[in-house]
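Each chain is listed here by its residues.
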Amino acid sequence: MHKTVTKLADGRELIYFDTEPAVRDVVDTRPLDPAASASEVRVDPFTGDAVTIAAHRQGRIYHPPADQCPLCPSRDGRAGEVPARDYQVAVFENRFPSLAGSSAQHVTPWSDGPYTLAPGTGRCEVVCFTPDHGASFADLTEQQARLVLDAWTDRTAELHTRPDVRQVYCFENRGADIGVTLGHPHGQIYALPYVTPRTAQALAKVAAHREATGRNLYDDVLAAERATTGRPDSRVVLAGEHWTAFVPFAARWPYEVHLYPHRRVADLTALDEAARAEFPRIYLDLLRRFDRLFPAPAPYISAWHQAPRPAEAELALHLELFTIRRTADKLKYLAGTESGMGAFMNDIRPETAARTLREL
Ligand SMILES: [Zn+2]
């Protein structure tokens, strides 16, 4: 993997990732003003959950026509976010970030009675998976998917070194039904100044399990799932030598798959070469199964769970992939029970979802 770090016209960083050494010296000549942001992180006094308030994002680009896509390479008279005429994988700082280190510094932190407010420091990056506007991640070759994995890993390592970052979250939203505002295949990386609510909840459970059993909860869950392989009611969808994908016991979404490396590691930077080499085949297989679930490719969210900093050795790197679609023409909406109470109601048995995904 070869990495070239450059700057966009407004000072944001743009990083090219190439499989072979490449000259990446095209200059961004667009007349861009520096983007301003003033995010706040407020803490819910009842749950302890952090909520980011980023009111400056309302003016961001919303569903541009394909010939004005800002993530396509810049050519034929069009200048997008990537000035090169072509690229393999490109990562740049989001122009409309929910979190932004430098410009959030002028937000003064305070605490008063039940309320706590902190500046929304951190960083938001966009990852262009391919220059091909009409493709999706599932269309990538294994070599292209490996380059994306290498880019995620590089960004995790670098963003972890920032003093204002507690957790690096790499994810992809795919499909307009999920709220994606740009059709070009891309993901995002949020370098957050706090531990996300789901990770904080998991860490509390993992600590309690360690206290009660002396074992790691992720290890026990992976072992329990792998032990069912081959049984008709198994929740395992597919497995390789270094990864296993399974529908979780208490799946919240109609089709939800968790992908674990067999050797527990805290984050992407600690994966060994054997696991890295096998990942593209397993992940592409999973995504293609999701594409075959319904007549049209399913919208999905793909979320990497990584240990926060300072090092939380007990949290296991894994990926959670799920779709909000439950039938060809029905979406799972987060309505009264889920949005109102955080109580999920799933219409599909996890064991049935696993069998469906296995047989696709
Ligand atoms: Zn595009």
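Residues numbered from 1 in each chain as written. Predicted model: local features only at pLDDT ≥ 70, side-chain atom pairs only at ≥ 80, totals over all residues. Heavy atoms only, no water.

1. Observations concerning the domain arrangement of the chain
Inference 1: Taken domain by domain, the chain consists of domain 1 (2–194) and domain 2 (198–359).
Inference 2: Its C-alpha centre places domain 1 at a distance of 24 Å from the equivalent point of domain 2.
Inference 3: Contact residues are listed per partner, giving 29 residues for domain 1 and 31 residues for domain 2.
Inference 4: Here domain 1 meets domain 2 over a buried area of about 2,700 Å², counting both sides, of which 55% is carbon and sulfur. (Domains from an automatic or database assignment. Contact = heavy atoms within 4.5 Å. Buried area = accessible area lost by both parts, 1.4 Å probe.)

2. Points about the sheet that holds strand 3 (residues 40–43)
Inference 1: Read across the sheet, four strands follow the order 4-3-7-6 without closing on themselves; strand pairing throughout is antiparallel. A single partner strand is all that each edge strand has here, and the edge strands are strand 4 (50–53) and strand 6 (110–112). Strand-to-strand twist in this sheet, taken as the mean axis angle between neighbours without regard to direction, amounts to 20°. (Pairing = 2+ DSSP bridges. Helix = DSSP H or I, 4+ residues; strand = E, 2+ residues; numbered from the N terminus. Axes fitted to C-alpha atoms, helices over the stretch in contact; angles between N-to-C directions.)

3. A look at the sheet that holds strand 12 (residues 243–246)
Inference 1: If you trace the 11 strands from one edge of the open sheet to the other, you get 1-2-5-8-10-9-14-15-13-12-11, paired in antiparallel fashion. A strand with exactly one partner marks an edge of an open sheet, and here the two such strands are strand 1 (2–7) and strand 11 (236–239). Neighbour to neighbour, the strand axes of the sheet diverge by 20° on average, direction disregarded.
Inference 2: As paired elements, strand 9 (residues 167–174) and strand 10 (residues 186–192) share five bridges and run antiparallel to each other. Its bridge partner being in strand 10, Gln167 is matched across the sheet by Leu192.

4. Comments concerning the coordination of the zinc ion
Inference 1: Around the zinc ion, the protein contributes the donor atoms Cys69 (SG), Cys72 (SG), His133 (ND1) and His184 (ND1), which lie 2.0 to 2.3 Å from the metal centre.
Inference 2: Considering all four donor atoms around the zinc ion, the spread of angles at the metal, 102 to 118°, places the coordination shape in the tetrahedral class.
Inference 3: Classification of Cys69 by relative accessible area gives buried; the value is 3%. (Donors = N, O, S within 2.8 Å, 3.2 Å for Na, K, Ca; no water. Tetrahedral: all angles 85-135°; square planar, octahedral: opposite > 155°, others 65-115°. Buried < 20%, exposed > 50% of the residue type's maximum accessible area, 1.4 Å probe, protein only.)

5. Here's the deal with the packing of aromatic side chains
Inference 1: Following the criterion strictly, the structure yields 16 aromatic pairs and no others.
Inference 2: When the ring of Phe137 is compared with that of Trp152, the centres are 6.1 Å apart and the planes differ by 15°; the resulting orientation is stacked. Residue Phe137 is located in the loop between strand 8 (123–128) and helix 1 (142–160), and its partner Trp152 is located in helix 1; the two are separated by 15 residues in the primary sequence. This pair shows no difference in class: Phe137 is buried, exactly as Trp152 is.
Inference 3: Judged by centre distance (6.0 Å) and plane angle (75°), the rings of Tyr255 and Phe294 are edge-to-face. Here Tyr255, found in strand 13 (residues 255–261), pairs with Phe294, found in the loop between helix 4 (273–292) and strand 14 (300–305); they are 39 residues apart in sequence, far enough to count as distant.
Inference 4: On the basis of relative accessibility, which here comes to 10%, the residue Phe294 falls in the buried class.
Inference 5: Every member of this aromatic cluster is reached through a ring pair, and the members are Phe129, Phe137, Trp152, Trp243, Phe279, Tyr283 and Trp304.
Inference 6: Of note, Arg24 hangs over the ring of Tyr16, and the distance from its end group to the ring centre comes to 5.1 Å. (Phe/Tyr/Trp six-rings, centres within 6.5 Å; stacked < 30°, edge-to-face > 60°. Lys NZ or Arg CZ within 6 Å of the ring centre and 35° of its normal.)

6. Here we look at unusual backbone geometry
Inference 1: Omega for the peptide link from Arg309 to Pro310 comes to -5°, which places this bond in the cis form.
Inference 2: Note that Pro310 resides in the loop between strand 14 and strand 15 (318–323).
Inference 3: A positive phi angle, near 55°, is found at Asp76, a position not held by glycine.
Inference 4: Overall, Asp76 belongs to the exposed group, its relative accessible area being 71%.

7. Let's talk about the nonpolar core
Inference 1: With 53 residues, the main nonpolar core has Phe137, Trp152, Leu259 and Trp304 as its most contacted residues.
Inference 2: When residues of this core are sorted by domain, at least three fall in each of domain 1 (2–194) and domain 2 (198–359).
Inference 3: In contact with Trp304, other than residues within four places in its own chain, are Trp152, Tyr169, Cys170, Trp243, Leu268, Phe279, Leu317, His318 and Leu319. (Core = buried A, V, L, I, M, F, W, Y, C linked by side-chain atoms within 4.5 Å.)

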